[in-house]
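A closer look at the structure
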Amino acid sequence: TKAANRKDCTQLLPWIHSISNHLWWSAQTCDHNTELLCAKWTSIVHHISNIHQWDDGYEHFNHCAHETLSSDDERKKQWLEKNSPAHNALCKIIYNKTLQRALKNFVVSNILAH
């Protein structure tokens, strides 16, 4: 939200809810695999730019899990242009090492709690 409130990043505003949901989905569907968690979490930087298949080096998760979007759905979305200020701000957040470490620790602590 803080990044989206910057003048050059307001394109992030409509995506905040989806990004938050994506975080929870990533944690719920990673099957306690921290590498898969990070692969799913970082996939949002592709999806938000209307890229639904990629090669980031993680062979088990290289495309969006959602169904193919209809042309209407695709047109309705306010996709971020890759390398735009808003997209770069999102990447900085998503790839933040402290955040990724915290996510991994969350998954590991949940494994130990069960």
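Quick caveat: nothing in here was measured; it's all calculated off a predicted structure.

**Some thoughts on the overall build of the protein**
From N to C terminus, the protein includes 6 helices and 0 strands. Starting at the N terminus, the α and β elements of the protein follow one another as α-α-α-α-α-α. The C-alpha atoms of the protein give a radius of gyration of 15 Å, which matches the 13 Å a tight globule of 114 residues would have. Projecting the C-alpha coordinates of the protein onto the three principal axes gives extents of approximately 40 × 30 × 25 Å. Sequence separation of 24 or more characterises 57% of the internal contacts of the protein that already satisfy a separation of 6 or more. Put simply, the protein shows about 7,500 Å² of open surface, and 51% of that area lies on carbon and sulfur atoms.

**Some points on unusual backbone geometry**
Phi is mostly negative for residues that are not glycine, and the peptide bonds are mostly trans. Phi angles above zero are rare outside glycine, and Asp-31 is one such case at about 55°. Within the secondary structure layout, Asp-31 lies in the loop between α1 (16-28) and α2 (34-42). With a relative accessible area of 66%, Asp-31 lands in the exposed category. Located in the positive-phi region is Asn-83, a residue other than glycine, with phi close to 70°. Looking at the secondary structure, you find Asn-83 in the loop between α4 (71-76) and α5 (85-94).

**Overview of the environment of Ala-39**
Within the secondary structure, Ala-39 sits in helix α2. Given the relative accessible area of 12%, Ala-39 is considered buried. Each residue touching Ala-39, except ones within four places of it in the same chain, is listed here: Tyr-58 and Phe-61.

**Details of α2**
At 3.6 residues per turn, the α-helix brings residues three or four places apart onto the same side. The buried count for α2 comes to 7 of 9 residues, which makes it a mostly enclosed element. Among the residues making up α2, those that are buried are Leu-36, Leu-37, Cys-38, Ala-39, Lys-40, Trp-41 and Thr-42. You can read the cap of α2 off the contacts: a side-chain oxygen lies 2.9 Å from the backbone nitrogen of Glu-35, and it is on Asn-33.

**Section: the nonpolar core**
If you look at the biggest cluster of nonpolar residues, it comprises 27 residues, and the most contacted ones within it are Leu-12, Ile-19 and Ile-48. Broken down by secondary-structure element, the contributors of at least two residues to this core are α2, α3 (44-47), α5 and α6 (97-113). The leading source of residues in this core is α5, at 5 residues. For Ile-48, the contacting residues outside a window of four places in its chain are Leu-12, Trp-15, Ile-19, Trp-79, Leu-80, His-87 and Leu-90.

**Considerations on the confidence of the model for the protein**
Taken over all residues, the pLDDT of the protein has a mean of 89, while the share at 70 or more is 95%. Mean pLDDT across the elements of the protein ranges from a minimum in α6, with 79, to a maximum in α5, with 97.

**A few points about the packing of α1 against α2**
Relative orientation of the contacting elements α1 and α2 amounts to 160°, with a least axis distance of 9 Å. The orientation of α1 with respect to α2, classified from their angle, is roughly antiparallel. As α1 runs across α2, the sense of the crossing is right-handed. Along the contact surface, α1 presents Ile-19, His-22, Leu-23, Trp-25, Ser-26 and Ala-27, while α2 presents Leu-37, Lys-40 and Trp-41. Tallied by class, the residues present in the contact of α1 with α2 amount to 6 nonpolar, 2 polar and 1 charged.

How each quantity is defined
- Residues numbered from 1 in each chain as written.
- Predicted model: local features only at pLDDT ≥ 70, side-chain atom pairs only at ≥ 80, totals over all residues.
- Heavy atoms only, no water.
- Helix = DSSP H or I, 4+ residues; strand = E, 2+ residues; numbered from the N terminus.
- Rg over C-alpha atoms; globule rule 2.2 N^0.38 Å.
- Contact = heavy atoms within 4.5 Å.
- Areas by Shrake-Rupley, 256 points an atom, 1.4 Å probe, with all protein chains shown as cover.
- Buried < 20%, exposed > 50% of the residue type's maximum accessible area, 1.4 Å probe, protein only.
- Polar contact = N/O pair within 3.5 Å; in protein donor to acceptor, adjacent residues only side chain to side chain.
- Core = buried A, V, L, I, M, F, W, Y, C linked by side-chain atoms within 4.5 Å.
- pLDDT = per-residue confidence, 0-100.
- Axes fitted to C-alpha atoms, helices over the stretch in contact; angles between N-to-C directions.
- Parallel < 35°, antiparallel > 145°, perpendicular 65-115°, else oblique.
- Left-handed = near helix turned anticlockwise from the far one by under 90°.
- Nonpolar A, V, L, I, M, F, W, Y, C, P; charged D, E, K, R; others polar.

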